[in-house]
Amino acid sequence: MSNAEQPTVIKKYANRRLYNTGTSTYVTLDDLAEMVKSEDDFVVIDAKSGEDITRSVLTQIIFEQESRGPNLLPINFLRQLIRFYGDSMQNLVPSYLDFSMSSLTREQEKFRDQMAKTIGATAIGAMEDQVRRNMQMFEKAVRMFSPFGQEGGEQPAAGMAKAEEPKKTGQGDPEIESLKRQLSDVQDRLDQISKKR
C-alpha cells in the first residue's frame, strides 16, 4: 500500500490538541470534520498510549455538530440507539447502520441528479412561459399601436416622432405633454383604422 493510500495519522495529546502528521500542523475538530466531508481518510491515535481513538473523536465531532444545529439525528433515533447498548441485538446494530448509511450515500447522488433535473426542468419551463407571455404582450402592443396588417404600416414611426416632439418644445411638463400627444396619436390611428374598415 502506497503512502498516498495510507490514512493520515492525527495524534491527540494530553492537552487535547490534535496534530496532523501529514501536514505537520495542529488541527481542530472542525478541520477533521472538513477532512471527513472531503473523504480524506485519517486515524486518530492517542500520543501517549498509541491507542486508536478515532471512534471517540468522530463521535465528538458529531456531538459538536449536533450542539450547533440544525440537528441531523432525531431524538427518537438517539433514544433507540441508547437502548441497543447492552442489548442482545447490539452486535447487529453497527452492521445494519453501516449498510443503511452506505445505501443512503449511494442513492444520494441519484437523488441529487433527479432534483437538479426537476429543478432545472421547472426553471426552464418557467423561463419559456415568461418568454411566451412577454411575446404575447409585445404582439398585443404592436397590434394596438402599429397595426401592421393595415395599409400605411410605416405610420408608427411617424407617430413615434410626433410623440417625441413635446420633449423638444418644452411646453408645460414635457412628460405630461408627451403622454397627451401619444394618446391623441393613438386615437387618430384608431379613427383612421375604423374609417378604412
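Residues numbered from 1 in each chain as written. Predicted model: local features only at pLDDT ≥ 70, side-chain atom pairs only at ≥ 80, totals over all residues. Heavy atoms only, no water.

Side note on the environment of Ile61
Counted only if it meets this: A run of H or I in DSSP counts as a helix once it spans at least four residues, and a run of E counts as a strand once it spans at least two, with each numbered from the N terminus. Each residue is assigned to one of three classes by its accessible area relative to the maximum for its type, calculated with a 1.4 Å probe on protein chains only: buried under 20%, partly exposed between the two thresholds, exposed over 50%. Only heavy atoms enter the contact rule, under which two residues are in contact if any of them lie within 4.5 Å.
The residue Ile61 is located in helix 2 (residues 54-68) in this model. Taking relative accessible area as the criterion, Ile61 reaches 9% and is therefore assigned buried. Taking C-alpha positions, Ile61 is 6.0 Å from Leu29, a pair spaced 32 residues apart along the chain. Those residues within four positions of Ile61 in sequence are excluded, and the remaining contacts are Leu29, Leu32 and Ala33.

Some details on the pattern of salt bridges
Keep this limit in mind: In what follows, salt bridge is the name for a side-chain nitrogen of Lys or Arg lying within 4 Å of a carboxyl oxygen of Asp or Glu.
Following the criterion strictly, the structure yields two salt bridges and no others. With its nearest N and O atoms 2.9 Å apart, the salt bridge here joins Asp30 to Arg68. Of the two residues, Asp30 is situated in helix 1 (residues 29-37) and Arg68 in helix 2; the sequence distance between them amounts to 38 residues. With its nearest N and O atoms 4.0 Å apart, the salt bridge here joins Glu34 to Lys37.

Points about the nonpolar core
Soluble globular proteins tend to bury their nonpolar side chains together. Counted only if it meets this: The criterion is simple. A nonpolar core is a set of buried Ala, Val, Leu, Ile, Met, Phe, Trp, Tyr and Cys residues joined through side-chain atoms within 4.5 Å.
Ile10, Leu18, Val27, Leu29, Leu32, Ala33, Met35, Phe42, Val44, Ile53, Val57 and Ile61 form the largest nonpolar core, which has twelve residues in total. When residues of this core are traced back to their parent elements, those giving at least two are helix 1, strand 4 (42-46) and helix 2. Sorting elements by how many residues they give to this core places helix 1 first, with four residues. Discounting residues that sit within four places of it in the chain, Val27 has contacts with Ile10, Leu18, Asn20 and Leu32.

Looking at unusual backbone geometry
Phi is positive for Arg16, which is not a glycine, with a value near 75 degrees. In this fold, Arg16 is placed in the loop between strand 1 (8-12) and strand 2 (18-20). A positive phi angle, close to 55 degrees, is found at Ser24, a residue other than glycine. Relative to the elements of secondary structure, Ser24 occurs in the loop between strand 2 and strand 3 (25-27).

Description of the packing of helix 1 against helix 2
Angle between the axes and distance between the axes are the two parameters that describe a pair of packed helices. Selection rule: Here an angle of 0 to 180 degrees is reported between the N-to-C directions of two axes, which are lines fitted to C-alpha atoms, with helices fitted over the stretch in contact. Angle categories are assigned with fixed cut-offs, so that under 35 degrees is roughly parallel, over 145 is roughly antiparallel, 65 to 115 is roughly perpendicular, and the rest are oblique. Under the scheme applied here, ten amino acids are nonpolar (Ala, Val, Leu, Ile, Met, Phe, Trp, Tyr, Cys and Pro), four are charged (Asp, Glu, Lys and Arg), and all others, including Gly, are polar.
Look at helix 1 against helix 2: their axes get within 10 Å of each other, and the N-to-C directions meet at 100 degrees. Looking at the two axes, helix 1 sits roughly perpendicular to helix 2. Residues Leu29, Asp30, Leu32, Ala33 and Val36 of helix 1 touch helix 2, and the partners they reach there are Val57, Leu58, Gln60, Ile61, Glu64, Gln65 and Arg68. A class-by-class count of the residues in the contact of helix 1 with helix 2 yields seven nonpolar, two polar and three charged.

A look at a nonpolar patch on the surface
Applied cut-off: Each patch is assembled from residues with relative accessible area greater than 30% and no salt bridge, linking like charges that lie within 9 Å and nonpolar side chains (Val, Leu, Ile, Met, Phe, Trp, Tyr) that lie within 5 Å. With residues, only the protein chains shown are counted as cover, and all accessible areas are computed by Shrake-Rupley using a 1.4 Å probe.
Judged by side-chain polarity, Phe84, Met89 and Leu92 come together as a nonpolar surface patch covering roughly 270 Å² of accessible area. Along the chain, Phe84 falls in helix 3 (residues 75-84). Assessed through its relative accessible area of 32%, Phe84 is described here as partly exposed.

Some remarks on helix 1
Under the convention used in this document: Directions pointing from the helix axis toward each C-beta atom define the arc.
Every buried residue belonging to helix 1 is among Leu29, Leu32, Ala33 and Met35, and all of these are buried. Along helix 1, the residues classed as buried sweep out an arc of 160 degrees about the axis, all on the same side. Among the structural elements, strand 1, strand 2, strand 3, strand 4 and helix 2 are those in contact with the buried residues of helix 1.

Things to note about the side chain of Lys12
Definition in use: Asp and Glu count as negative and Lys and Arg as positive, but His and the ends of the chain are not part of the count.
Tracing the chain through its elements places Lys12 in strand 1. Buried within the structure, Lys12 lacks any salt-bridge partner; its nearest side chain of opposite charge belongs to Asp46, at an N-O separation of 7.2 Å. Setting aside anything within four residues of it in sequence, one finds Lys12 in contact with Arg17, Leu18, Val44, Ile45, Asp46, Ala47, Ile53, Val57 and Gln60.

Looking at the UniProt feature "domain: PHB accumulation regulatory" (unreviewed entry) in the chain
This is how it is decided: UniProt positions are given in the numbering used here, feature names are shortened, and annotations may be inferred rather than shown by experiment.
Under the UniProt annotation, "domain: PHB accumulation regulatory" (unreviewed entry) lies at residues 73-112. Along residues 73-112 one finds 78% helix and 0% strand; the C-alpha atoms at either end are 21 Å apart.

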